[in-house]
Amino acid sequence: MTKTEIKNEIQKVLDNVPENVLQDILTLLKGLQDQPVGKLELTHSLRQILTEDKELLEKLAQ
């Protein structure tokens, strides 16, 4: 997806989000804006690992 396509998809989702959640999203985005790229990439990678290995992590936790 191109940057423009992603922005359009985000806008479609935001159009259906309650107003109180929009404020939280805005706060989150502003916080991300101030983070160095390396930290954002690390956070993305960690989230991807946790999502992909959710079942394994749950088994290890037992």
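Read on for an overview of the structure.

1. Focus on the environment of N16
Argument step 1. Within the secondary structure, N16 sits in the loop between α1 (3–14) and α2 (19–33).
Argument step 2. Judged by relative accessible area, which is 67%, N16 ranks as exposed.
Argument step 3. For the pair N16 and H44, spaced 28 residues apart in the sequence, the C-alpha separation amounts to 25 Å.

2. Structural notes on a nonpolar patch on the surface
Argument step 1. Together, L46, L50, L56, L57 and L60 line one region of the surface with nonpolar side chains, adding up to about 480 Å² of accessible area.
Argument step 2. When residues of the nonpolar patch are traced back to their parent elements, those giving at least two are α3 (37–52) and α4 (54–61).
Argument step 3. For the nonpolar patch, the element with the highest residue contribution is α4, accounting for three residues.
Argument step 4. Looking at the secondary structure, you find L60 in helix α4.

Rules behind the numbers
Residues numbered from 1 in each chain as written. Predicted model: local features only at pLDDT ≥ 70, side-chain atom pairs only at ≥ 80, totals over all residues. Heavy atoms only, no water. Helix = DSSP H or I, 4+ residues; strand = E, 2+ residues; numbered from the N terminus. Buried < 20%, exposed > 50% of the residue type's maximum accessible area, 1.4 Å probe, protein only. Patch = residues over 30% accessible without salt bridge, like charges linked within 9 Å, V, L, I, M, F, W, Y side chains within 5 Å. Areas by Shrake-Rupley, 256 points an atom, 1.4 Å probe, with all protein chains shown as cover. Salt bridge = Lys/Arg side-chain N within 4 Å of Asp/Glu carboxyl O.

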